[in-house]
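# Examining the three-dimensional arrangement
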Amino acid sequence: MSASKLGNARKCCAGCNREIRERHLLKAMDKYWHTTCLKCSQCGAILEQVGDSCFVKGTSILCRNDYMRLYGGPARALCTCATCGKQIPASDKVLRAGQNVYHVTCFVCTTCKRQLKTGDKYCVIDSKLFCEQDALANEQEKHKVNNTK
């Protein structure tokens, strides 16, 4: 779900099929919505009022709570964080790298301990996370060691 400002081109709301004349609109599933028309298919909550994201399963648009209740239960409850080793509750947001799952706060560079955020470049080397700079330094050090042998 992304909030946008309406430019010169008029859009039609996927929820009510009326023209969107308001200055702000939402875009989800490649469709445009009035902020009050994008609702959870299960509970009917206006999604803009319950969070900053929505979840899509098939043709259903869901709030976080309903998505987790319907699809995030037992399979997610068994996830453990690759950094701290603790279980991750199904309701928590997670970050993934390859097959590993992390608490958002545990998604940090092994070397500098800087928290990696969505959009940051990083590498996984020997199952450890590295920011781009430390990954490059690690590779250069590795080549140095290999060249001196």
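Before reading on, note that the structure itself is shown above.
Right, let's walk through the structure included here. Please read all numbers here as calculations on a predicted model, not as lab measurements. Every residue gets a number counted from 1 within its own chain, in the order that chain's sequence is written. In view of the model being predicted, local features appear only for residues whose pLDDT reaches at least 70, and side-chain atom pairs are presented and counted only at 80 or more, with totals across whole chains, interfaces and linings using the full set of residues. Remark: hydrogens and water are excluded; side-chain values derive from all non-hydrogen atoms of the structure.

As a further point, take the pairing of strand S11 (residues 128-131). Whether two strands pair comes down to DSSP finding at least two bridges between them. Counting from the N terminus, the helices are DSSP H or I runs at least four residues long and the strands are E runs at least two residues long. With four bridges connecting them, strand S10 (residues 122-125) and S11 associate as antiparallel partners. When the bridges of S11 are listed, Cys 123 appears paired with Phe 130.

Moving on, we get to the nonpolar core. Side-chain atoms within 4.5 Å link the members of a nonpolar core, which is a set of buried Ala, Val, Leu, Ile, Met, Phe, Trp, Tyr and Cys residues. Three exposure classes are used, based on accessible area relative to the maximum for each residue type with a 1.4 Å probe and protein chains only: buried under 20%, partly exposed in between, and exposed over 50%. Within the largest apolar cluster, 16 residues are counted, with the highest numbers of intra-cluster contacts made by Cys 81, Ala 97, Tyr 102, Phe 107, Leu 116, Leu 129 and Phe 130. Those elements that provide at least two residues to this core are strand S8 (94-97), strand S9 (100-103) and S11. Among the elements that line this core, the one with the most residues is S11, at three residues. Among all residues touching Cys 81, those that are not within four sequence positions of it are Lys 86, Ile 88, Val 101, Tyr 102, His 103 and Cys 106. Formed by 10 residues, the second largest nonpolar core is a distinct cluster that contains Ala 28, Trp 33, Ile 61 and Cys 63. Residues count as neighbours in contact if any of their non-hydrogen atoms are within 4.5 Å of one another.

Turning to the pattern of salt bridges, a few remarks are in order. The term salt bridge refers to a side-chain nitrogen of Lys or Arg lying within 4 Å of a carboxyl oxygen of Asp or Glu. Counted by the stated rule, this structure contains two salt bridges. Between Arg 21 and Glu 19 there is a salt bridge whose closest N-O contact spans 3.6 Å. Note that Asp 120 and Arg 114 form a salt bridge whose closest N and O atoms lie 3.4 Å from each other. For Arg 114, a relative accessible area of 40% gives the class partly exposed.

It is worth spelling out the packing of aromatic side chains at this point. Given two aromatic rings, their pairing is described by the distance between the two centres and the angle made by the two planes. Planes of paired rings set the category: under 30 degrees apart is stacked, over 60 is edge-to-face and the rest tilted, where pairs are Phe, Tyr or Trp rings (Trp by its six-membered ring) whose centres lie within 6.5 Å. Taken as a whole, this structure holds three aromatic pairs when the rule is applied. Summarising the aromatic geometry, the rings of Tyr 102 and Phe 107 are spaced 5.1 Å apart at their centres and angled 75 degrees between planes, so their arrangement reads as edge-to-face. Like Tyr 102, the residue Phe 107 is buried in the burial classification. Here Phe 107 and Tyr 122 contribute two aromatic rings whose centre-to-centre distance is 5.2 Å and whose plane-to-plane angle is 85 degrees, an arrangement assigned as edge-to-face. Taken together, the residues Phe 107 in the loop between S9 and S10 and Tyr 122 in strand S10 connect sequence positions 15 residues apart. A relative accessible area of 3% means that Phe 107 is categorised as buried. We classify Tyr 122 as partly exposed; its relative accessible area is 31%. Every member of this aromatic cluster is reached through a ring pair, and the members are Tyr 102, Phe 107 and Tyr 122. A cation sits over an aromatic face here: Lys 11 above Tyr 32, 5.0 Å from the ring centre. A ring is scored as having a charge over it whenever the NZ atom of a lysine or the CZ atom of an arginine sits within 6 Å of its centre and within 35 degrees of its normal.

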